[in-house]
Amino acid sequence: MSDATSEAAESPKPKSVPPAADHGHGDGHGHGHEEHDPIHLANPNLAHHFDTPQQQFDAGKLGIWLFLLTEVLFFAGLFCAYTVYRSYRPEVFVYAHYFLDTKLGALNTCVLLLSSLTAAWAVRNAQLRQHSLLKLNIVITIACACAFMVVKYVEYSHKFHDGLLPGPHFAPTEQVWELESFKHKHPEAAEYAEHLYKAAEKKKAAAANPAAAAPTGEHAAAGDAHETHVRPTEEQLEPLIAAGILGPKAETRDVPSKPRNAHVFFSIYFFMTGLHGLHVLIGIGIWIWLLLKANKNVFGPNYFGPIDYAALYWHLVDLIWIYLFPLLYLIH
Amino acid sequence: MASPSTTADLVAPRPSPGSDNYLTHEKGFLSWALTLDHKRIGVMYLISVLAAFALGGTFALILRTELLTSGKTIIEHDTYNQMFTLHGAVMVFLVIIPGIPAALGNIALPLQLGAKDVAFPRLNLASYYLWVLGAICMLTSLVMNAADTGWTFYAPYSTTTQTAVAPAAMGAFILGFSSIFTGLNFIVTIHKLRPPGMGWFRLPLFVWALYSTALIQVLATPVIGITLLMLIVERLLHIGIFDPSLGGDPVLFQHFFWFYSHPAVYIMVVPGFGVIGDIIPVFSRKRIFGYKFIAVSSLAIAFLGFLVWGHHMFVAGQSLLAGSIFSAITFLIAIPTAIKVFNWITTMYKGRIHLDTPMLYALAFLWVFTIGGLTGVFLAVMSVDVHLHDTYFVVAHFHYVMMGGAITALLGGIHYWWPKAFGRMYNEKVGRFGAVTVFVGLNVTFFPQFILGSRGMPRRYYNYLPEFEPLHQLSTLGAYILGLGFLMTAVSLVRSLLKPPDAPMNPWGARTLEWTITSPPPYYNFKTPPTVTRGPYDDYEGLVYDEKIRGYVEKGA
């Protein structure tokens, strides 16, 4: 009872709530009529309302799995919204993914995978009473989580800087065909788009101010004429139409631009990665709490529940990223 | 009152019943505010939920008074819109959803399982404080500039109105987590804390109902959580997920909303089934009929409840095929529901029926819930729904189910477990009179609304045509009767608390485990887990009424 009240002020998150002690070999006690005090005395981490450490561990395990189920369903709403918008407006997703840095995304995937490994290893360490390895693995997990957040910070600040914001705040400072990622994949299309765009700019300038533009106006006209004569190749045209830069889905039909409602992608991007990032932050908090606990060498074969539950939560956070990465960064 | 109590196969009573119980075990505000005891948390929930019920009920009375006449009676039209929104939001999110599971369930569930507590006591307390936080958010919306979207928060109006939608939606979001935590806790408790001898088919039906409810809470609520979060972000940042002017899809909101909110209807009413399933055999002095069918039909309702959300969207541009499928599955829900009703009626058949207050509520439940359920089948028919959609017929239908089902069951459950939870008997005469008044008021309020709706009176309207006036006034009269019934009941219950404990261990002669310990229960419930050797509704013949203690005792004890 005393331990139950002493931890009463802990975070309301369920993974920290089961005041779990584990006893891998506690089955022998069973549900008996015998007095409970000997078991409770032998297991200071056994809460008063459980009969055996095994019962307590099982309850915690079922609880964390149910909690993870609710987490999956929580994110499922977002994945559903993603699916609906991607099927409505595939061009927006093709267009927007060029703005994402695949290398940073891949780096973050590796970082999270490594942290999942150390989290799983930490559970084993706790079971085997390997105190220093346990602490090391928790520290690596925390370090990876922090590294993930730093990379996310770098990515976000680039996005903010480039005007890639959700909703009406979306105002990209760069055209998509000027991006390295686009040029690398579709060099001819990028060149073609640039060409069309410049020609249109010149034409616009000429139309706005015919007198001043007279010397260059000729050039533009020539360029235009050139374009209408030479039909663009498939390599030039297709990537532009697929990304809604040209064609029926684009904001402007003839001048290369961006697809209509392009901002919805970044709404979904920030919503999904932001919510995921929040889960990583909560995870860091949990691991720090466990590190402090591990520092007191309390974990062992009889008591490793909290590490086990935290690791399960961490794997889920990792798993969600494993889905987010291809869905957002690796479109096509 | 050293009452003779139970047989040896049940738990032995504590040595000094009445002297030390969970209400008197510790004293002071903090001993309540930081308690981890499920009974105390249940009591705190009960008080809070009833306070919210009084608030939502006051809104309802003001709304009905306004509808006495077409045009302005007492409040302006904008205030009217805000008030029906908050009436709905408060009643759904603050009262009915937590009502039976979190308040009565917390008090009774661990006791019925012979457990010392729920599996995660701290999560339980967290759930309560999330409820408080959610309630504060709702009240913030009320104070700022109350939302006027209706409790459904439909986009695009909810993303564009100038009223304080975000705090109300935030409140519902937080309350969702409160509900998830309660559900999660109950599932684990039922799985892991059953006493020796209590297999799945020896669980009381209340536990079965809470288990089914908890499954829905855990599986459906996260979806409304993320939906409301998207709605809030949509309002703050205009992200264009639901707002069509920004490329969003408002029908997607309806899908998300009803994917939760239709199952949520069963979160509201299935615990009520559980209460009724516990009351009817006890007051019929007869073993429950069709136990397994009643138990499993709760699960069937929980499962089917996930597949019918589209019947809220028959006129929202859904394809005819999708509509037909949703309609057909909706009909299916009538089957498990009817199984319950028929089994309860068969339980009463040839029983010795005692018309005590809880039983009167149970009978009222059967009557009104059957009307509510059957009119739901009318609405599930697509062609009929096109005519009745968004009319008072729908309002009457869901009030028959929510008020008539969930609230009647809540009141029945409160009267049933009141002696156990607080150790006091209420005035039986006032209790019965209250039950009858509530029943009459309910029907007078909502039956005219079926007629109004079928004649074309749209829901949520401030004005109406002159020919609707008599029925509206009759409905308002019913609301006053209903208010009177609740007031009477509340006064009677509070008065019972002012006298010293007088409730026997087993006033109704029930066989479930909570009646084998003192009233109010000791702090630790059961010193040792009781061993269960029979079903929860078996062997009523083994109990005899003892006039001296005004309760039931084992025969020959």
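Residues numbered from 1 in each chain as written. Chains lettered and ligands numbered in written order. Predicted model: local features only at pLDDT ≥ 70, side-chain atom pairs only at ≥ 80, totals over all residues.

**What to know about the overall build of chain A**
Under the convention used in this document: Only DSSP runs of H or I covering at least 4 residues are called helices, and only runs of E covering at least 2 are called strands; the numbering of each starts at the N terminus. Residues are called buried when their C-beta atom has 20 or more other C-beta atoms within 10 Å, exposed when it has 12 or fewer, and partly exposed otherwise; all C-beta atoms are positioned from the backbone. Placing a C-beta atom from the backbone of each residue, one calls two residues in contact when those atoms lie within 7 Å.
Within chain A, the secondary structure is distributed over twelve helices and zero strands. In sequence order, chain A lays out its α and β elements as α-α-α-α-α-α-α-α-α-α-α-α. Within chain A, the fraction of its 332 residues that count as buried is 41%. For chain A, long-range pairs separated by at least 24 residues make up 74% of all intrachain contacts whose partners lie at least 6 apart in sequence.

**Brief notes about the pairing of strand E2 (residues 551-554) of chain B**
All names here are of chain B. Under the convention used in this document: Being paired, for any two strands, means DSSP has found at least two bridges between them.
Relative to E2, strand E1 (residues 543-546) runs antiparallel, the two sharing four bridges. By the bridge assignment, Tyr545 is partnered in E2 with Tyr552. Between the antiparallel neighbours E1 and E2 lie four residues, among them Arg550 with a positive phi of about 55°.

**Considerations on the nonpolar core**
Rules: As used throughout, a nonpolar core is a set of buried Ala, Val, Leu, Ile, Met, Phe, Trp, Tyr and Cys residues joined through C-beta atoms within 7 Å of each other. Segmentation into domains, and thus their bounds, comes from an automatic or database assignment.
With 265 residues, the main nonpolar core has Ala169 and Ile187 of chain B as its most contacted residues. A domain-level breakdown of this core finds at least three residues from each of domain 1 (72-172 + 258-332) and domain 2 (173-257) of chain A. When sequence neighbours within four positions are dropped, the list of residues in contact with Ala169 of chain B reads Phe153, Leu228, Leu231 and Ile232 of chain B.

**A short note on helix H6 (residues 131-161) of chain A**
Residue and element names in this part refer to chain A. The line we're drawing: Here a helix's expected span is defined as the number of its residues, less one, multiplied by 1.5 Å.
Taking 1.5 Å per residue as the helical rise, H6 with its 31 residues ought to reach 45 Å, and the 45 Å between its terminal C-alpha atoms agrees with that figure. Along H6, the positions that sit buried rather than exposed are Leu134, Asn137, Ile138, Thr141, Ile142, Cys144, Ala145 and Phe148. On the buried face of H6, the contacting elements are helix H5 (102-127) and helix H11 (263-295). Just beyond H6, the residue with positive phi is Gly163, at close to 75°.

**Regarding the domain arrangement of chain A**
The accessible area lost on association of the parts is a frequent measure of interface size. Residues and elements named next belong to chain A. Our working definition: Polar here means any residue outside two lists: the nonpolar Ala, Val, Leu, Ile, Met, Phe, Trp, Tyr, Cys and Pro, and the charged Asp, Glu, Lys and Arg; Gly therefore counts as polar.
Assigned domains of chain A: these are domain 1 (72-172 + 258-332) and domain 2 (173-257). Taken over C-alpha atoms, the centre of domain 1 sits 38 Å from the centre of domain 2. Counting residues at the interface gives twelve residues for domain 1, matched by 14 residues for domain 2. Taken together, the residues of the side of domain 1 that touches domain 2 sort by class into seven nonpolar, one polar and four charged.

**Topic: the environment of Arg86 of chain A**
Note on placement: Arg86 of chain A falls in helix H3 (residues 53-88). Residues Arg86 of chain A and Leu327 of chain A, 241 residues apart in the sequence, show an inter-C-alpha distance of 10.0 Å.

**Quick notes on the packing of helix H2 (residues 38-66) of chain B against helix H4 (residues 121-145) of chain B**
Residue and element names in this part refer to chain B. Stated precisely, the cut-off is as follows: Angles run from 0 to 180 degrees between N-to-C directions of axes, and those axes are lines fitted to C-alpha atoms, restricted for helices to the stretch in contact. In what follows, roughly perpendicular refers to angles from 65 to 115 degrees, roughly parallel to angles under 35, roughly antiparallel to angles over 145, and oblique to any angle outside these ranges. Handedness of a crossing is defined here by the sense of rotation of the near helix relative to the far one, left-handed for an anticlockwise turn of less than a right angle and right-handed for a clockwise turn.
Closest axis-to-axis distance for the H2/H4 pair is 10 Å, and the angle between their directions is 15°. Regarding the angle of H2 to H4, the classification is roughly parallel. Crossing angle aside, the handedness with which H2 passes H4 is left-handed. Listed contacts from H4 to His38, Ile41, Met44, Tyr45, Ser48 and Ala52 of H2 are Pro121, Asn124, Leu125, Tyr128, Trp131, Val132 and Ala135. Residues belonging to the contact of H2 with H4 are distributed by class as follows: ten nonpolar, three polar and no charged.

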